[in-house]
Amino acid sequence: MKSITILIADDEAEIADLIELHLVKEGYRCLKAVDGQEALGMIWTQSVDLAILDIMMPKIDGYELTRIIREKFHLPIIFLSAKATDLDKITGLVRGADDYMTKPFNPMELVARVNAQLRRFIQLNPSMAAPAADTSILEAGGVVIYPEQRNVFLYGNPVELTPKEFDILVLLASHPKKVFSSEHIFQRVWGEAYYESGNTVMVHIRTLRKKLGEDQHKNKLIRTVWGVGYAFNG
């Protein structure tokens, strides 16, 4: 089975860390978001196989986030919430959740429910369980990118990137020569409205270039198209 990624969206860091601890022991890869907006950005930019969502989250609550997810994706969703009445549970399931657990909760029970939801989902989507050759590897100018594993190597040496730097690199490298505006990059990577955030993108591009050794090697992997945006010289 391919590596399975689970998104944990909860503004209580202790709870998210506890869930991650138990899921990692099961062999799952975890992403954590502190609010609905950050969670949505991860859904859009990364391959997520199951989401565990709090309902009362800042920026975008669990109900609205589920509605947005359901417009494009079919991954299992488990609500984990302090809202504990029968009506709350029914509302959660009606809004699109596949399962509902209340806080406080038993982490091992949550893991069991995650496993059950994934078994059901894989049975309905057999291709998810079938191993396949990794055709997503991106290579150019001494850089090798493994999007699924989120690893980057420069002339055989690992490159440590922040999540945002990695997502920008994959976005550009997946579309060689295509010019992306700062607005487009920000919306795709951050999952938020632009609001004159070009400086944020510029700073990340500058740091990314430095980590890719563009000041030491002749190859310029990320090209600036003045007045337009950035392109990858793949």
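What this report covers is the structure whose coordinates are included nearby. (Residues numbered from 1 in each chain as written. Predicted model: local features only at pLDDT ≥ 70, side-chain atom pairs only at ≥ 80, totals over all residues. Heavy atoms only, no water.)

### Structural notes on unusual backbone geometry
Residues Lys-103 and Pro-104 are joined by a peptide bond in cis, for which omega reads -5°. Locating Pro-104 in the fold gives a position in the loop between strand E5 (99–102) and helix H5 (107–124). The phi dihedral of Lys-59 is positive, around 70°, even though this residue is not glycine. Here Lys-59 shows up in the loop between strand E3 (50–53) and helix H3 (62–72). Phi angles above zero are rare outside glycine, and Lys-177 is one such case at about 75°. (Helix = DSSP H or I, 4+ residues; strand = E, 2+ residues; numbered from the N terminus.)

### Things to note about the sheet that holds E3
Here we have 5 strands laid out as an open sheet, ordered E2-E1-E3-E4-E5, and parallel in their pairing. Each having just a single partner strand, strand E2 (29–33) and E5 make up the two edges of the open sheet. Averaged over all adjacent pairs, the angle separating strand axes in this sheet is 20°, with direction ignored. Strand contacts of helix H2 (residues 36–45): strand E1 (5–9) and E2, with the helix running at about 140° to E2, the strand carrying the most contacts. Contacting strand E4 (77–81) and E5, helix H4 (residues 86–94) crosses the sheet at an angle of about 145° to E5. (Pairing = 2+ DSSP bridges. Axes fitted to C-alpha atoms, helices over the stretch in contact; angles between N-to-C directions. Contact = heavy atoms within 4.5 Å.)

### Quick look at the nonpolar core
Grouped together as the largest cluster of nonpolar side chains are 28 residues, with contacts concentrated most on Ile-145, Ile-185 and Ile-222. At the level of elements, strand E6 (138–140), strand E7 (143–146), strand E8 (151–154), helix H6 (163–173), helix H7 (182–190), helix H8 (198–211) and strand E11 (229–232) are the ones that each hand at least two residues to this core. At 7 residues, the largest contribution of residues to this core is made by H6. Among the nonpolar cores identified, the runner-up in size contains 23 residues, and Leu-31, Met-42, Met-57 and Phe-79 belong to it. (Core = buried A, V, L, I, M, F, W, Y, C linked by side-chain atoms within 4.5 Å. Buried < 20%, exposed > 50% of the residue type's maximum accessible area, 1.4 Å probe, protein only.)

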